Each structure stands twice: as C-alpha cells, then as structure tokens.
Amino acid sequence: MHNSLASKLLVRLLLLFALVTVISIVILSKWGFDELTAQTDKDSPPNPSETNGYSYALSSRDAEIERLKHEVLTLRAQLVLLQSNRSNNGLPGRLPLQGSGYFSSSVSASSSASNSSSSNNSNSHLHQSDTTIASLTHHYDCSSYIRKQVGAAEILHGLPLNNEYEMIPFNHFTFTRVYPIDLGLGKRVVEKPIGYRRRDLLEAVNKALESLNRNHTARARAKGLAVSELGRYTLDDFVEGIYRTEPTTGSQYELYFQSVKHQTTLVRKALIMRPFAPLQTVQLSEVPASPIIHVIVPLAGRLRSFRSFVQMLNKLADQRLHLVVVYFGEAGLKEAQLIAGGAKRVQLVALNETFSRAKALRLGAEHIQPQAAKAMQQDALLFMCDVDIVFTAKFLERCRWNTAPGKKVYYPVVFSLYNPHVVYTLQGKALPSEDEQLVISRDTGFWRDFGYGMTCQYRSDFLQIRGFDEEIVGWGGEDVMLYRKYVRSKIKIVRATDPGIFHRWHTKICTGSLSADQYRACIRSRALNEASHAQLGFLAFQDEIAAAMAHS
C-alpha cells in the first residue's frame, strides 16, 4: 500500500515538473525574447557587438529550449515505462535519478524462481527504456543538428570573414548548362550537368517545387478556395539558379521560378540547403606492407631524358622499386642499353617496331620478372610512367596506399612545369638546376587535370579490364580509353592532386603523321605547357613593353 501511494506521488510530481517545463518554454519563446526583439527594432540599427550579443542570447535560448525538450522526453519515457511496469506486473517500479534514463525493479521475493523472474523483467525494462528514449529523442536530435547547420551557414544572412579568400563563390546553372567557377586549365568554362552533379541539382529543384506547391495549397485552403492544378509549379517553370558548397555546413541552392502557364511577371525564389551530417568513422585499417612497384616506361630515343630518369631512381634508393623499359627502334638502342646496364633493378625490352605507348605498357606488364611478382602472390603493382616524369619517395608511398587489387587504382594529377627558359628569363633570373625547378606555384606550372597517363594499378586489374587499345599508334588517346574503362567498372578510382610528381617541360613536336584528333590534342598540350597566361602575354607584347620602358 505504501509503495502504491509513493508511486502515485512520484507520477504526479513528474507530471507537474513536465507542465512547469512546458510553461517555461512558452514564456521564454512568447514573451521574453519577443520583447527583446521589439526593443531592438525600436532602436537604431545595432552595432556589430550588439548584434553578436543578441545572436548569443538567441543561441542560448535555443540551447535551453532543446535541453528542456530533452528532459521532457526523458520524463515522458520514464512515465510510459513505469505505467507499463505496473500494468504488466502489478508491482511498483522505482524511478532512477533524473536524467539517467534507466529503470530498475525493486521487488523482493522469497524464492529463487521469483528472483530470476524479477531479474529478467528488470533487464527487459532497461532495454525497453533505452530503445524508447532513443526513438523519442532521435528526431529532435536530428532536427536540432540540421537547424544548427542552417544557422551556421551563410545562407539567410552574411557572416564576417577574415579575408576575401575565405569567400566561397556560387556556380550559375540551368537545366542544360553549368558555369563552374572552380576551373583547371583543362576544364571547360561551361559544361553540361551530368552524373552526380545532375542528380544533385535535380533533387534541389524538385525539393523547391515540393515546397512551393505545398505553400500554394496551404494558402488556397486558408482563403477557402478550391485547390487547383493551375497555380502549381512544374519543372518547366524553373528559370535558373546558383549553388555552392561550404565544406563544414553543406550545399546551398538559390533557385528562381516563374510560371509559364500564367505568363506572369511574378518570380518566386526558393532557398534550399543540403546540410552535412555529423562526421562518421567508416573504417579503420592498417596499411599493408609496402609491395614492390614496377615502373613501366615506353621509350624511343629521348636518351638524355632517359639518363636523367635513371639518375633520379638511383637517388631515391628505394630497394622495392623495379624499372621496366620498353624501347622501340634501333636508333639509340645500344646507348639505352648502356644506361640501363649502369643501374640496379632495370630490365630493358627492345622492339623493332613503330612506337606505340599502349603496346609498350602491355608488354612491360607481361615482362615483369617472375621472382619480383612472386612476393605479391603472382600479382604486381604497376606504375605506368613517362620518361619526362620526376617523382619523390613520398609519391611512391601514395602509389602503394591508394591501390588495392580488385578494389582501387590511383590516378594522380601531375604538376606540369612550364618552359623554364620563359619562366625565369621573364623574371630576370638565372636558370636554376633541374632539381631546383621542382617548385609548385602559379608561375612555374599547373595541375595537369586533363592528363591520365600516369597511373598506379595492379597487373591483375590491368589485364582483367583488358588494358589499352593497341590500335592507337603514336602519341595520346590510349590513356583516356583505359581511364574510361575503370570509370565504367566497379573499381574505385582515387583521383587527386599529388605534390610529389612533376612533368618536366620538353620540346613537343606534333608531326603530320598523327590523326586529326591526336594532332589537335598535341598542339593544345604544347600551348598549355609553354607558360602561364600572364607570361604568354608578356611574350606577345614584349616589343610594346620594351618601347614603353625605353621612353620612361
């Protein structure tokens, strides 16, 4: 009897506390901060410090409201479980300390069977309590986080930044065109929205349409009007939009709609945001032991570059690095063999045929020495390379880290160096050594985001995907074909800028024997490799600059 009265008293106290909490929330949101807002509106425009104080007060209010909501939900869950406990067992339950979220049975029994039953019931109630509280609070936790992300984003209001470089610009788009702001030299200034980008933009437009039409329906019902399809917006009413992604908050979309059917001048704007969720750990793993990397280099002539390449390998002193050179033609073959003979772990395969990079890489993969591949259980890690490439030991680590047989291949974005005679002559500097030219800056080179020739992948993947198209003879095209095969496969492509691999500038000769597409690609690559836009401008106007300097 005493336990029953105590239980009823606890229930009433909890209900009273919940009622007081709800009333406090109403008072805070209804009167307390409305008066603060009204007083702020009456005064002159606040200075930044007052604005920050007001924002802090609002954020403190939101935090307090969320805390009170969580406590109310916890108390509700405890009441539900207490009533369930009493109805199932006819026995009173004991409430824990506030905020603990647990229930425990305080039932004493004389027999061991009764004790066992009580223990099982207690465990079931504990589990039920955790599940109920989690389900009740999950929605509010997600909603609170989303509101926090929206509030932190620069979408409804501006945010003070430290400098102009922190500003993230928008990209303009329509259904058929995207005008990207983040460009590499090889990208177009206008693109068609395809793949992930198209799905992303289409989802944003559809979400805006859903919100606009829901608003239309609600306004029509509020006025007592019949809801018709005439006022509803469709995809045809989308005019244009802009979007950007803030790395910490999410993607923002500003979308504009104008009804085509009504021929109205009214334009409606929708602000849509795709908030980022909290960070999640997906996987923790250990990096496997470093496998041997087999560098495959196609070659025809270019003996000076080949000598520099071998010297670079010797400086690296990586014992788990093997070089396979596939040499085409007889001209310079003996000298190439002498250079290769002076280095360790170098294999040279000679072919008296017309140069074909695709065929060279395939033969190089097939000619890997069996004892080297045995360490990888008949598989081998390949680095398909060119003789004018320079790389560091750190790059070789990334080559190993970003590849896995049957799972992923590595396509680094190489930093391509400009013509050093143009770069340093324009600055009035002496030509530095080749090693000193390996500097990443806007004036020394660019990220070669349109090149796919340098790649790390396992031989099993290369052979399974059927390698290069060997019908392509000469320069260019085969690397793009192989890249597209991987894009269409289930193997993950790791495509990233790599500060440890450089493409040296060299004279490029575009012969008439190339196909029309190959010749245009060769000329384009030659122009991009020569110098930056500013440096080419100085070269184009050097006579005018010299005349101006003479008069000054």
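Structure report, in brief. None of these values were measured; they are calculated from a predicted model.

**Describing the nonpolar core**
Logical step 1: Of all hydrophobic cores here, the largest spans 39 residues; its most connected members are Phe306, Phe309, Phe383 and Phe391.
Logical step 2: When near neighbours in sequence (up to four residues on either side) are disregarded, phenylalanine 391 contacts Phe309, Met312, Leu313, Leu316, Phe383, Cys385, Leu396, Gly500 and Ile501.

**Considerations on the state of the cysteines**
Logical step 1: All told, the structure shown has two disulfides when counted by the stated rule.
Logical step 2: One disulfide in the model links cysteine 399 with cysteine 456; its S-S distance is 2.2 Å. On the sign convention where negative means left-handed, the S-S torsion of about -120 degrees between cysteine 399 and cysteine 456 marks this disulfide as left-handed. Residue cysteine 399 is located in helix H9 (residues 393-401), and its partner cysteine 456 is located in strand S13 (residues 455-458); the two are separated by 57 residues in the primary sequence. The burial state of cysteine 399 is the same as that of cysteine 456; both residues are buried.
Logical step 3: The disulfide partner of cysteine 510 is cysteine 522, and the S-S distance across this bridge is 2.0 Å. Linking cysteine 510 and cysteine 522, the disulfide has an S-S dihedral of approximately -85 degrees and is accordingly described as left-handed. Placement of the pair is cysteine 510 in the loop between strand S14 (492-503) and helix H13 (516-530) and cysteine 522 in helix H13, with a sequence separation of 12 residues. The two residues cysteine 510 and cysteine 522 agree in class, both being buried.

**Examining the pairing of strand S9 (residues 381-384)**
Logical step 1: The side-chain alternation of S9 yields two buried faces, one formed by Leu381 and Phe383 and the other by Leu382 and Met384.
Logical step 2: With four bridges connecting them, strand S6 (residues 293-299) and S9 associate as parallel partners. Across the sheet, isoleucine 296 pairs through a bridge with methionine 384, a residue of S9.
Logical step 3: Pairing of S9 with S13 involves four bridges; the strand directions are antiparallel. Its bridge partner lying in S13, methionine 384 is registered against threonine 455.

**Topic: unusual backbone geometry**
Logical step 1: A positive phi angle, close to 50 degrees, is found at arginine 302, a residue other than glycine.
Logical step 2: Residue position: arginine 302 is located in the loop between S6 and helix H5 (303-316).
Logical step 3: Look at arginine 345: it is not a glycine, yet its phi comes out positive at around 55 degrees.
Logical step 4: Inspection of the secondary structure puts arginine 345 in the loop between helix H6 (333-341) and strand S8 (346-351).

Quick notes on the rules
- Residues numbered from 1 in each chain as written.
- Predicted model: local features only at pLDDT ≥ 70, side-chain atom pairs only at ≥ 80, totals over all residues.
- Heavy atoms only, no water.
- Core = buried A, V, L, I, M, F, W, Y, C linked by side-chain atoms within 4.5 Å.
- Buried < 20%, exposed > 50% of the residue type's maximum accessible area, 1.4 Å probe, protein only.
- Contact = heavy atoms within 4.5 Å.
- Disulfide = S-S within 2.5 Å.
- Helix = DSSP H or I, 4+ residues; strand = E, 2+ residues; numbered from the N terminus.
- Pairing = 2+ DSSP bridges.

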